[in-house]
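# Close look at the chain arrangement
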Amino acid sequence: MRTAAAIAAAVRAGEVTARSVAEQAIAALKADTHVAVTRVLEERALAEAAAVDATVARGDDPGPLAGVPYGVKDLFDVAGLPTTAGSAVRANATPATSDAEAIHRLQVAGAVLTCTLNMDEFAYGFATINATHGTTRNPHDPARLAGGSSGGSAAAVAAGLLCFALGSDTNGSIRVPASLCGLYGLKPAHASLPLEGTFPFAESFDDVGPFTASLEDMALIWGVLRGEPLTLAQGEIRIARLGGRFRDNADPAQLAAIDAIAPNAPLLELPDISRARSAAFLITAYEGGHLHRATLATSALAYDPAVRDRLIAGALLPEELYAKAKAFRADFLSRLNTLIADFDVLLAPATPCSAPLIEDPRILIDGALSPARADLGIHTQPITFTALPALAVPLRRPGMLPLGLQLIGKPGGEGALLALAQRLESDELTGVTAPEGIVTGELT
């Protein structure tokens, strides 16, 4: 697949114009067959590309992402457009007056916004089954889910339509589709990347982050969004493997890979991990439900019924129960920090399985079939509860459905995650494999 770094280098050197790159991306996005795209922003993309080309022509620096096309999950503010968050409820919302801060930073770096991308309505789900736009299909097998809630972002990158896209992650909404679509996906340490101008779900957990097919691109985009370069960790990286519930519902290939990566690493059991996931569910439901309470009172029938019912349930939760869950979280984090103090990276599965079929979106959890829309995040939701950064990395599985791991770090430890990911890719344990039959083409 083409990388953002390669496109930017070619544009900066004058080997190709940003306009021609944008035109190729627009044509590909218009021909999307994976239900990944909600709006193609052709006029804006061509204007941004023209600005990059003018900067190059003047001999000035167009930025580290010069001319690189990208898309954003449909909950980022795009100036002049309503921010729908994937819902018909907001189809006629007042247009955003300015771009989300993340989009602004990417534009300053020379990147070209080309589209908005499909998602679960209001980010409430792990499947990207959207009542308005349809279900996003996995480029590795269009009969299967792409995961969610940032499924459109993951599918667009996996299909080679874009070399990077932005998503959001509240309980696994980047890591789950990254695992199912075979990509790198980063959930940063909580609130370390700009959230301004994104439609919220649950403020205790919301984060934004990129999907890429390249670790070089991941580091590059992190630097732009963060406002400072990513410094990779040097020397030994102390690793632990997560046990207990993280091994109860995992694919054997994931467990084999984790044990091959760090065969002598300690096996840690996080304290009260099932309670942690339950508390994360409760906090998410409460915050999401109360955010929508007023709109539900007037426009409940405009919501996707599957989302509406969960939001109503959350809105009815008593404040005392929410406060109890928040208190438990504080105690949990205190014990967790002591448990992981001697380690830099924790290893865990990203999803319990590969992508389920769209026609039967259920997965095995504890030996029983459960809805994928709710339970694909069984391994990501407890990590969100910790506020720690986590990088989804794809196992190297040519000819097989993708499957990912989580590399989980400490606050500010994204450099250790990328350093370990680079080592694993060099050892050919992990890495992105393009879906069969998908060719991204050359720059022209």
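Details of the structure are given in the entry above.
Bear in mind that the values here come from a model prediction, so they are computed numbers and not experimental data. (Residues numbered from 1 in each chain as written. Predicted model: local features only at pLDDT ≥ 70, side-chain atom pairs only at ≥ 80, totals over all residues. Heavy atoms only, no water.)

### With respect to empty space enclosed by the protein
With a probe scaled to a water molecule rolled over the atoms, the places where space remains empty come into view. In the structure shown here, the tally under the stated rule is 3 cavities of 30 Å³ or more. Reported here for the largest cavity is a volume of approximately 120 Å³. Along the wall of the largest cavity there are 14 residues; nearest its centre are Tyr-124, Gly-125, Phe-126, Asn-171 and Phe-201. For the lining of the largest cavity, the secondary-structure elements that each account for two or more residues are α10 (273-299) and α13 (372-375). (1 Å grid on protein atoms, 1.4 Å probe; cavity = no way out; pocket = protein on both sides within 12 Å on 5 of 7 lines; lining within 4 Å. Points joined across faces, edges and corners; volume = space filled by probe spheres on them. Helix = DSSP H or I, 4+ residues; strand = E, 2+ residues; numbered from the N terminus.)

### Describing the side chain of Ser-168
Within the fold, Ser-168 resides in strand β8 (residues 164-169). We classify Ser-168 as buried; its relative accessible area is 7%. In this structure the side chain of Ser-168 is engaged in a polar contact, spanning 2.8 Å, whose partner is the side chain of Lys-73. Not counting residues within four places of it along the chain, the set of residues in contact with Ser-168 comprises Lys-73, Leu-75, Ser-150, Ser-173, Ile-174, Asp-207 and Val-208. (Buried < 20%, exposed > 50% of the residue type's maximum accessible area, 1.4 Å probe, protein only. Polar contact = N/O pair within 3.5 Å; in protein donor to acceptor, adjacent residues only side chain to side chain. Contact = heavy atoms within 4.5 Å.)

### Let's talk about the pattern of salt bridges
In this structure the tally under the stated criterion is 25 salt bridges. We note a salt bridge from Asp-272 to Arg-335, for which the minimum N-O separation is 3.0 Å. A residue pair is termed long-range when its members are at least 10 positions apart, and Asp-272 in the loop between β12 (267-268) and α10 and Arg-335 in helix α12 (residues 319-339) qualify at 63 residues. Take Arg-335: its relative accessible area is 31%, and that puts it in the partly exposed class. Salt bridges linked by common partners bring Asp-272, Arg-275, Asp-331 and Arg-335 together as one network. (Salt bridge = Lys/Arg side-chain N within 4 Å of Asp/Glu carboxyl O.)

### A closer look at helix α1 (residues 4-12)
An α-helix turns once per 3.6 residues; consequently, residues spaced three or four apart project the same way. Every buried residue belonging to α1 is among Ala-4, Ala-5, Ile-7, Ala-8, Ala-10 and Val-11, and all of these are buried. A positive backbone phi angle near 75 degrees is found at Gly-14, which sits one or two residues after α1.

### Quick word on the packing of helix α7 (residues 215-226) against helix α15 (residues 414-426)
The interhelical angle for the contact between α7 and α15, taken along N-to-C directions, is 165 degrees, at an axis separation of 10 Å. The orientation of α7 with respect to α15, classified from their angle, is roughly antiparallel. Relative to α15, the crossing made by α7 is left-handed. Each of Leu-215, Met-218 and Trp-222 in α7 lies in contact with α15, whose residues at this interface are Glu-414, Leu-418, Ala-421, Gln-422 and Glu-425. Of the residues that constitute the contact of α7 with α15, the class distribution is 5 nonpolar, 1 polar and 2 charged. (Axes fitted to C-alpha atoms, helices over the stretch in contact; angles between N-to-C directions. Parallel < 35°, antiparallel > 145°, perpendicular 65-115°, else oblique. Left-handed = near helix turned anticlockwise from the far one by under 90°. Nonpolar A, V, L, I, M, F, W, Y, C, P; charged D, E, K, R; others polar.)

### Some words on the sheet that holds strand β13 (residues 345-349)
Sheets are built from strands paired through backbone hydrogen bonds, the pairs being either parallel or antiparallel. Pairing within the open sheet is mixed, and its 11 strands lie in the order β1-β3-β2-β8-β10-β9-β16-β17-β13-β11-β12. The open sheet has two free edges, formed respectively by β1 (37-40) and β12, since each of these has just one partner strand. Where β8 meets strand β10 (residues 207-212), 6 bridges bridge the pair, whose relative direction is antiparallel. Looking across to β10, one finds that Ser-168 is bridged to Val-208. (Pairing = 2+ DSSP bridges.)

### A few points about unusual backbone geometry
In this structure, the amide linkage connecting Gly-148 to the following residue, Ser-149, adopts the cis form with an omega of 10 degrees. Note on placement: Ser-149 falls in the loop between β7 (141-145) and α5 (151-158). Of note, the phi angle at Asp-272 is positive, near 55 degrees, even though the residue is not glycine. One non-glycine residue, Ala-387, lies in positive phi territory at about 70 degrees. Checked against the element boundaries, Ala-387 lands in the loop between α14 (381-386) and β16 (390-394).

### Topic: the packing of aromatic side chains
In this structure the tally under the stated criterion is 9 aromatic pairs. When the centroid spacing of 4.7 Å and the interplanar angle of 55 degrees are considered together, the rings of Tyr-124 and Phe-201 count as tilted. One end of the pair, Tyr-124, is in the loop between β3 (112-117) and β4 (129-130); the other, Phe-201, is in the loop between β9 (184-187) and β10, with 77 residues separating them in the sequence. Tyr-124 gets classed as buried once you look at its relative accessible area, which sits at 7%. Ring geometry for Phe-328 and Phe-332: centres 6.0 Å apart, planes at 40 degrees, overall tilted. One end of the pair is Phe-328 and the other is Phe-332, both in helix α12 and 4 residues apart, which spans about a single turn. The residues Phe-328 and Phe-332 share a single accessibility class, namely buried. Taken together, the ring pairs connect Phe-205, Phe-328, Phe-332 and Phe-385 into an aromatic cluster. (Phe/Tyr/Trp six-rings, centres within 6.5 Å; stacked < 30°, edge-to-face > 60°.)

### A short note on the environment of Leu-270
Looking at the secondary structure, you find Leu-270 in the loop between β12 and α10. When its relative accessible area of 8% is taken as the criterion, Leu-270 is described as buried. For the pair Leu-270 and Pro-188, spaced 82 residues apart in the sequence, the C-alpha separation amounts to 20 Å. Setting aside residues up to four positions removed in sequence, Leu-270 forms contacts with Leu-242, Phe-246, Leu-336, Leu-339 and Ile-383.

Remember, this is a structural readout, not a statement about activity or role.
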